[in-house]
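# An overview of the molecular structure
One-letter residues, chain by chain:
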Amino acid sequence: MLNINPDNKKLILSIDGGGMRGTITIAMLAELEKLTGKTCPELFDMVAGTSTGAIIAAGFGLGLSAQEILEKVYKHGLPEGFRAQPQGLLLWLRYLLGGLRAVYNFQPFLDVLGPLAAGKTIGDLQNPIVFMTTRDLRTNNTYYVVSRGRGGARFADWPVTGAVAASGAAPIYFPPVLGNLVDGGVGTSGNPVLAATVEAMEFIGSEAGFIPGQVIHFSLGTGYRANTFAGGAGSRFWLYDWVVYIISGFLDDTALQQVFGTRAVYRGRVDVRRYNPYLDPASLRDTLGINLAGRPDPRKLELDSYSPAQIELMEEIGRAYARRVAWDEPGYMPWVETPGDRHGQGRDGGHPLPGILPVDWRGSLYR
């Protein structure tokens, strides 16, 4: 059996937002359970998440294993919630007639997921400690909803279902919860790794054993899609292209910068490890051994990709990636960082390190 914690340190798990692409992440964790022989609630002392990551964090706080969450939530619950909505043209007509406020209604998701929380509040989630994020439009402030420590009393009476819904209320996709609370990824906490590390080390601390040098933090993404274009493509962009690029680029940049920032601030005190598969067909085929013939394009997996074929592919990606990566390697990152080796290339099927390309200024107006 794999031992990811031979020195018996405290383990933190944080999970990015990503909607249905959380299927990839929970499949990674279900495979990790097989490799270690332990469930995630047994492995981790604190679990943090934003949006889809909040669903997983709450599930672990409720004592569910990753395999149970994969089956009950990502393969059945969430798809049922999507299928209960109008489909195709009717869905977009409702969106238009509703004043372009939200594509999806929360109620079908609450109907299928709410019973899992069984009236529990945030204060009930003590082992592991649960941490999630949401943003309040009234204050333009991100709330760090936590079940223990100095912030625990403030959120103890929040219903688990409400907190998870608030963390996942992605603008355009879902309406704000209570008209005020939106997805924690609106801001810089789409990847909650830094916020969760600060909470654990500065506000919970030794009360729960979070002592410098004795903490490992596993940061998991929901899959990386290259948001790159051919040379000169920007000169042909129009408004829609820029909106899509800005949103995608912002989410990718903040997710990565949160990891870099955490490693820089807590260097020597917290062992931060990052895992995020690269949703590139060549990488999936050549590195992870996934046959993509006749299957959905992995580059088009979205927050609301819920078809059986898409879910099957995402589960396969997550499991294959989990079997490939080094869970027990200190400071693990998704790329190879050794100059002269494969610097900048995706490692073990992970996303590549962003590079720097030469810029040809010859003959331009800017010389």
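The structure this text deals with has already been given above.
The rules behind these values
Residues numbered from 1 in each chain as written. Predicted model: local features only at pLDDT ≥ 70, side-chain atom pairs only at ≥ 80, totals over all residues. Heavy atoms only, no water. Core = buried A, V, L, I, M, F, W, Y, C linked by side-chain atoms within 4.5 Å. Buried < 20%, exposed > 50% of the residue type's maximum accessible area, 1.4 Å probe, protein only. Contact = heavy atoms within 4.5 Å. Helix = DSSP H or I, 4+ residues; strand = E, 2+ residues; numbered from the N terminus. Salt bridge = Lys/Arg side-chain N within 4 Å of Asp/Glu carboxyl O. Phe/Tyr/Trp six-rings, centres within 6.5 Å; stacked < 30°, edge-to-face > 60°. Pairing = 2+ DSSP bridges. Expected span 1.5 Å × (residues − 1). Bend = angle between axes of the 7 residues up to and from the residue.

## Observations concerning the nonpolar core
Within the largest apolar cluster, 75 residues are counted, with the highest numbers of intra-cluster contacts made by L29, F60, F218 and W327. Apart from residues lying up to four places away in sequence, L29 is in contact with L13, I15, C40, I56, F60, A66 and L220. In terms of nonpolar packing, the next biggest core, distinct from the first, is built from 22 residues, V193, A196, A208 and V259 among them.

## Concerning the environment of G119
Position of G119 relative to the elements: it lies in the loop between α6 (107-117) and β3 (129-136). Measuring from C-alpha to C-alpha, the distance between G119 and L357 comes to 53 Å, with 238 residues separating the pair along the chain.

## Describing the pattern of salt bridges
Tallied over the entire structure, the rule returns 19 salt bridges. With a closest N to O distance of 2.7 Å, D136 and R138 form a salt bridge. Of the residues examined, R138 reaches a relative accessible area of 61% and is grouped as exposed. Here R299 ties to D297 by a salt bridge, and the two come within 3.0 Å at their closest N and O atoms. Looking at R299, the relative accessible area reads 48%, which means it is partly exposed. Here D297 falls in the partly exposed class, since its relative accessible area comes to 23%. Salt bridges sharing partners connect three or more residues here, namely E31, E71, K75, E315, R319 and R323.

## Looking at the packing of aromatic side chains
The full count for this structure, using the stated rule, is 23 aromatic pairs. Each ring, one from Y143 and one from F155, has its centre 6.5 Å from the other, and the planes form 45°; the classification is tilted. In this pair, Y143 is assigned in strand β4 (residues 141-146) and F155 in helix α7 (residues 152-155), connecting sequence segments 12 residues apart. In terms of burial, Y143 and F155 fall into one category: buried. Where F218 meets W327, the ring centres are 6.3 Å apart and the plane angle is 45°; that geometry is what we call tilted. In this pair, F218 is assigned in strand β6 (residues 215-220) and W327 in the segment after α12 (308-324), connecting sequence segments 109 residues apart. Here F218 matches W327 in class, with each residue buried. Through a chain of ring-to-ring contacts, the aromatic side chains of F82, Y104, F106, F109, Y173, F174 and Y306 assemble into a single cluster.

## Things to note about the pairing of strand β1 (residues 10-15)
In terms of residue burial, β1 counts as a mostly covered element, since 5 of its 6 residues are buried. Pairing analysis gives 6 bridges linking β1 to β6, with the strands arranged parallel. Looking at the pairing, I12 lines up with H217 of β6. Bridge count for β1 against strand β2 (residues 46-49) is 4 bridges, and the pairing is parallel. Across the sheet, residue I12 finds its bridge partner in β2, namely M46.

## Quick word on α12
The terminal C-alpha atoms of α12 lie 24 Å apart, and with 17 residues this matches the ideal 24 Å at 1.5 Å per residue to within 8%. Along α12, the residues classified as buried are Q310, I311, L313, M314, E315, I317, G318, R319, A320, Y321 and A322. The inward-facing, buried residues of α12 contact α1 (22-36), α4 (66-83), β7 (270-275) and α11 (281-286).

## Topic: α4
For α4, the principal kink sits at V73 and spans about 30°. For α4, every residue scored as buried is listed here: A66, I69, L70, V73, Y74, G77, L78, P79, G81 and F82. Of the surrounding secondary structure, the elements contacted by the buried residues of α4 are α1, α2 (40-43), α3 (52-61), α6 and α12.

Purely geometric numbers; function is a separate question.
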